[in-house]
Structure formats: C-alpha cells, structure tokens
Amino acid sequence: MGIDAMSLYRLGHKLHRRGVPVLPAVLRKAIHFLHGSYLPPEAEIGEGTQLGYGGMGIVIHKDAKIGRHCLISHQVTVGGRSGLKDLPVIGDYVRIGAGAKILGNVRIGDFAIIGANAVVVKDVAPGSVVGGIPAREIRKDPDPLATYEREMGLRPPMAQRNEVVQSIPSAAR
C-alpha cells in the first residue's frame, strides 16, 4: 500500500512538536517529492483527516487549521490571500472536493461540503454545501449529522459526537 502523505505529515508533526530540528523538514521535502504536496509539519490537521489519492497535489499553509475527520481531495489549496493576515480554519467532518481553493480569513463550519473547483473566500455555515467561483451556498442541510451518516456510511465517534452536535448552531438543525 505504500506510505501516503498524511502518514509522513503525522510523523513530521510529532517530531516538530517535540522540538526535533531537521527531520520534520526532511519529511516535508519527502512529501513534496513523492506526492507533489506541501504539508508543513507546523500545520494543525486534526485526527482522522484523510487525503484523497494519498495526498496528490495538496497545498496547505503552515498556519492553517483543519479539524478532525475531514476528507480533502487531490489538488486542494488551503492558504492565504495577499494583503490578509489570517488564514482558513476548517471545522470537523468537512468534505472538500477536488481542486477546491480555500483562501484567506475564512471559517468553514462543521459538516460543510465544498464542491470541486470551488473558490471559497467567505465563511461557510455548518452543514452548508457550496460551489462555484466564487463559492456560493447551494443548499443548507437541516440535519447535517444524519446526512453525514447516510452519505459516508459511518457515525462520528461517540465520545466526540455530543461535542460535534453541540457545536452546530440551533438554526442549522
């Protein structure tokens, strides 16, 4: 099965947190060489997050924050925009389609779905489906947890489920 980009990132991130100076940079270069991706060890990527096609062509800014159990397809960019200081913060259980760009100071809510090739430059509400250039809300799911369970075929882990459900505003339910 081979080593995917996320496995190398996780190792580099652990080493970076422990203060190892050179090895995280070597692993970042290995990810770039093997998968054509930029996954710096400084980035915060939550547990259970998966990268499509082993992480081919994914670029994530070193200060971006990505939640738990997200699915990031190939050729996705999560980064800044010129002139803006803050970077994207992506919630839990978010699915990002192939080629999507999430740029600038945006917040992506839990259970959101970003369509393929969408360019997100504004906040996305929890449970929303967005697409287009620039990304616009296509629909908003009244029960994003049930939809996630139906479409993905799995339930969020029970220890975290109450926390996730409480993080969704009451208007989104």
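Attention shifts here to the overall build of the chain. Helix and strand counts for the chain stand at four helices and 14 strands. Out of the 173 residues belonging to the chain, those deemed buried represent 47%. Long-range contacts, defined here as pairs at least 24 residues apart, represent 29% of the contacts in the chain between residues at least 6 apart. Looking at the chain as shown, the accessible area adds up to about 9,200 Å², and 56% of this sits on carbon and sulfur atoms.

Turning to the environment of Ala135, a few remarks are in order. Its place among the elements puts Ala135 in the loop between strand 13 (128-131) and strand 14 (136-140). Spatially, the C-alpha atoms of Ala135 and Val120 are 5.1 Å apart, while their sequence positions differ by 15 residues. Each residue touching Ala135, except ones within four places of it in the same chain, is listed here: Ala118, Val119, Val120 and Val130.

For the rest of this paragraph, the subject is helix 2 (residues 23-35). The terminal C-alpha atoms of helix 2, which comprises 13 residues, lie 18 Å apart, in line with the 18 Å expected from a rise of 1.5 Å per residue. When we look at burial in helix 2, the residues that qualify are Pro24, Leu27, Ile31 and His35. End-on, the buried residues of helix 2 take up no more than an arc of 60°, which puts them together on one face. Exposed residues pointing more than 90 degrees away from the buried face of helix 2 are listed as Lys29 and Phe33. The secondary structure elements touched by the buried residues of helix 2 are helix 1 (5-17). Immediately beyond the C-terminal end of helix 2, within one or two residues, lies Gly36, with a positive phi of roughly 65°.

Reading the values: the criteria
- Residues numbered from 1 in each chain as written.
- Predicted model: local features only at pLDDT ≥ 70, side-chain atom pairs only at ≥ 80, totals over all residues.
- Heavy atoms only, no water.
- Helix = DSSP H or I, 4+ residues; strand = E, 2+ residues; numbered from the N terminus.
- Buried < 20%, exposed > 50% of the residue type's maximum accessible area, 1.4 Å probe, protein only.
- Contact = heavy atoms within 4.5 Å.
- Areas by Shrake-Rupley, 256 points an atom, 1.4 Å probe, with all protein chains shown as cover.
- Expected span 1.5 Å × (residues − 1).
- Arc of directions from axis to C-beta.

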